[in-house]
Amino acid sequence: MNAISRAPVPPPTRPARLDPFLSQKLRFWSLVAMVLLVYVHGYNLHSRYLQPWTPVDEALSPGTFVQYFLANGLLRFRIPILFAISGYLFAHHDASAPHGVRVKRRLRTLLLPYLLWSAIGLGFTWALEQYPPTRQLVVEAALSIFGPQNPLVSGYSPGELLLRWLLLPVPFQLWFLRSLLVYNLAYPWIRKAVARGPWVYFSIAGLLWFTEFGIPPLFEGTGLVFFALGVWLRKTEFNVLTPPRWFRLGLFAAVWVLLLAVKTWLAFYFEHPPFLLMLFLHKTAEALGVLVMWFGADGLVRAAMRRSWFGWLTGFSFMIYVLHVPLVNYATEAALRAWPGQNLLVFLLLPLAIVALAVLLGAALRRLVPGVYGVLTGGRGL
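The rules behind the values
Residues numbered from 1 in each chain as written. Predicted model: local features only at pLDDT ≥ 70, side-chain atom pairs only at ≥ 80, totals over all residues. Heavy atoms only, no water. Helix = DSSP H or I, 4+ residues; strand = E, 2+ residues; numbered from the N terminus. Rg over C-alpha atoms; globule rule 2.2 N^0.38 Å. Contact = heavy atoms within 4.5 Å. Areas by Shrake-Rupley, 256 points an atom, 1.4 Å probe, with all protein chains shown as cover. Lys, Arg positive; Asp, Glu negative; His and termini not counted. Charge placed at Lys NZ, Arg CZ, Asp CG, Glu CD. Phe/Tyr/Trp six-rings, centres within 6.5 Å; stacked < 30°, edge-to-face > 60°. Buried < 20%, exposed > 50% of the residue type's maximum accessible area, 1.4 Å probe, protein only. Lys NZ or Arg CZ within 6 Å of the ring centre and 35° of its normal. 1 Å grid on protein atoms, 1.4 Å probe; cavity = no way out; pocket = protein on both sides within 12 Å on 5 of 7 lines; lining within 4 Å. Points joined across faces, edges and corners; volume = space filled by probe spheres on them. Nonpolar A, V, L, I, M, F, W, Y, C, P; charged D, E, K, R; others polar. Expected span 1.5 Å × (residues − 1). Bend = angle between axes of the 7 residues up to and from the residue. Axes fitted to C-alpha atoms, helices over the stretch in contact; angles between N-to-C directions. Left-handed = near helix turned anticlockwise from the far one by under 90°. pLDDT = per-residue confidence, 0-100. Salt bridge = Lys/Arg side-chain N within 4 Å of Asp/Glu carboxyl O.

Engineer: Would you mind going over the overall build of the chain in detail, with residue names and values included?
Structural biologist: Within the chain one finds 18 helices and two strands. Its C-alpha radius of gyration of 22 Å places the chain within 12% of the 21 Å reference for a compact globule of 382 residues. Considering only contacts within the chain whose residues lie at least 6 apart along the sequence, 77% involve residues at least 24 apart. Accessible area for the chain stands at about 19,000 Å²; split by element, carbon and sulfur atoms hold 70% of it. Across the chain, the 32 positively charged side chains and the 14 negatively charged ones have centroids separated by 16 Å.

Engineer: So, the packing of aromatic side chains: which residues are in play, and what are the values?
Structural biologist: Taken as a whole and assessed by the stated rule, the structure comprises 31 aromatic pairs. For the pair Trp 29 and Phe 77, a centre-to-centre distance of 5.8 Å together with 85° between the ring planes defines the contact as edge-to-face. Of the two residues, Trp 29 is situated in helix 2 (residues 20-41) and Phe 77 in the loop between helix 3 (62-74) and helix 4 (78-92); the sequence distance between them amounts to 48 residues. According to the relative accessible area criterion, Phe 77 is buried, its value standing at 3%. Ring geometry for Tyr 39 versus Phe 347: centroids 5.6 Å apart, planes at 75°, classification edge-to-face. Taken together, the residues span a long stretch of sequence, with Tyr 39 in helix 2 and Phe 347 in helix 17 (residues 343-368) at a distance of 308 residues. The ring of Tyr 187 carries the charged tip of Arg 102 above its face, separated from the ring centre by 5.8 Å. Positioned over the ring face of Phe 21 is Arg 302, at 4.0 Å from the centre of the ring.

Engineer: So, empty space enclosed by the protein: which residues are in play, and what are the values?
Structural biologist: What the rule picks out here adds up to one cavity of 30 Å³ or more. In this model, the largest cavity occupies a volume close to 50 Å³. Taken together, Thr 125, Val 138, Leu 143, Ser 144, Pro 151, Val 153, Tyr 156, Arg 164, Val 170 and Tyr 330 make up the full set of residues lining the largest cavity. Here the residues of the lining of the largest cavity sort into seven nonpolar, two polar and one charged.

Engineer: Explain helix 16 (residues 317-338) residue by residue, including any values.
Structural biologist: In a regular helix each residue adds 1.5 Å, so 22 residues correspond to 32 Å; helix 16 covers 29 Å between its end C-alpha atoms and thus fits that length. At His 324, helix 16 shows its strongest bend, of approximately 55°, with the proline Pro 326 following within four residues. Most of helix 16 sits out of view: 18 of its 22 residues are buried.

Engineer: Just give me the short version of the packing of helix 4 against helix 8 (residues 175-185), but keep the residues and values in it.
Structural biologist: Packing of helix 4 against helix 8 brings their axes to within 12 Å, and their N-to-C directions diverge by 35°. The handedness of the crossing between helix 4 and helix 8 is right-handed. On the side of helix 4, the interface is formed by Ile 79, Leu 82, Phe 83, Ser 86 and Phe 90, while helix 8 contributes Trp 175, Phe 176, Ser 179, Leu 180, Tyr 183 and Asn 184. Residues that form the contact of helix 4 with helix 8 fall into these classes: eight nonpolar, three polar and no charged.

Engineer: An account of the confidence of the model for the chain is requested, with residue identities and associated values reported.
Structural biologist: Residues shown with low pLDDT carry predicted positions that ought not to be read at fine detail. Per-residue pLDDT for the chain has a mean of 94; in total, 96% of the residues score no lower than 70. Here residues 1-10 is a poorly scored stretch, pLDDT under 50, and it has zero contacts once near neighbours within four places are set aside; other chains count.

Engineer: Help me get a handle on unusual backbone geometry, residues and values and all.
Structural biologist: Residue Ser 47 is bonded to the preceding His 46 through a cis peptide linkage, with omega at 0°. Tracing the backbone through its elements, the reader meets Ser 47 in the loop between helix 2 and helix 3. In this chain, Val 325 is followed by Pro 326 through a cis amide linkage whose omega measures 10°. With phi around 65°, Glu 212 is a residue other than glycine that occupies positive phi space. Looking at the element boundaries, Glu 212 is found in the loop between helix 10 (198-210) and strand 1 (214-215). Judged by its relative accessible area of 39%, Glu 212 is partly exposed. A positive phi angle, near 55°, is found at Glu 237, a position not held by glycine.

Engineer: Help me get a handle on the pattern of salt bridges, residues and values and all.
Structural biologist: In the structure shown here, the tally under the stated rule is eight salt bridges. Among the salt bridges present, the one from Arg 337 reaches Glu 140, with a minimum N-O distance of 3.4 Å. Remark: Glu 140 occurs in helix 6 (residues 132-141) and Arg 337 occurs in helix 16; sequence separation between them is 197 residues. Of the residues examined, Arg 337 reaches a relative accessible area of 44% and is grouped as partly exposed. As a salt-bridge pair, Lys 283 and Glu 286 come within 3.7 Å of each other at their nearest N and O atoms. With Lys 283 and Glu 286 both in helix 13 (residues 275-296), this residue pair falls three residues apart, about one helical turn. On the basis of relative accessibility, which here comes to 8%, the residue Glu 286 falls in the buried class. Look at the salt bridges and you will find they share partners, linking Asp 94, Arg 102, Arg 191 and Lys 235 into a network.

Put into structure tokens, the structure is as follows:
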């Protein structure tokens, strides 16, 4: 026993290389999901805050139908697929270093960008509030968690500023980084749970996901399901490139679109759409969207990743993610003020402009001050 206990600990081993096409596929969806995120957050109908059961307070028209169908329907698979990719990659690098060492790295790649971009969002909003025209954009965007009676960052107390910086950022999309850090910390327990009792784990986590239950900032159902799904897929060496035998692309895609069309119609028809029905349609479509897009878009992935410019763009996925909110919200208010009634056009074009701005700024920072760029992105895209 003594000889065994004194045996040297083997050094960390490099993980097996990912299949080349799988690597391309992960990069493709990391970028595309971020672009779709900008579109979801660029939704400009009322009410602006989208939940699975959110109704539309505007008249039904082709433009309003399309916008809701996309923003609160077809594009909603993007967060589940990002969590699944994150879990898969974290599990893939299991042997690269002890868990404690990997978590310390995640403080640099997740926590530091979270704190920096949360502060940038606060500072940017405060700067806009110093001039009456842009102050009105902040008020109209209604991003304050303290309601219309306290809409401005410049009016926050020190405690409210600290809360917004650390836990409830103005760039609200940063919740994903916060949750991802929690799941990285809890990874040994998640790995053990999906290895020893996957049916039990996914039954409980799936219920939390379906009911939208969570305890921010500790956990929420989407990450509990899809981050763990990525871990399980990697640890079981599931062939994620070959569709399961039961998967029928045409059938699944048709059901996906049909469910979302029904959900969109309900959002317009009812002042208070049926809560459970809307939740069921939303969550079922979310899961179908992950399957349809992951297994059904391989031709698009191959075509895109053959283009050198598209491969170059994938290096700026993180910049698109961190930069777009609250910029897209304030820009939406400005665009609708300049072009009233052009809601669909603003929805279709403004996110592309925000993405282009994020890429251009990222490219400039990476070229001129790579050290700063590395800190802001947690070392991504260098």
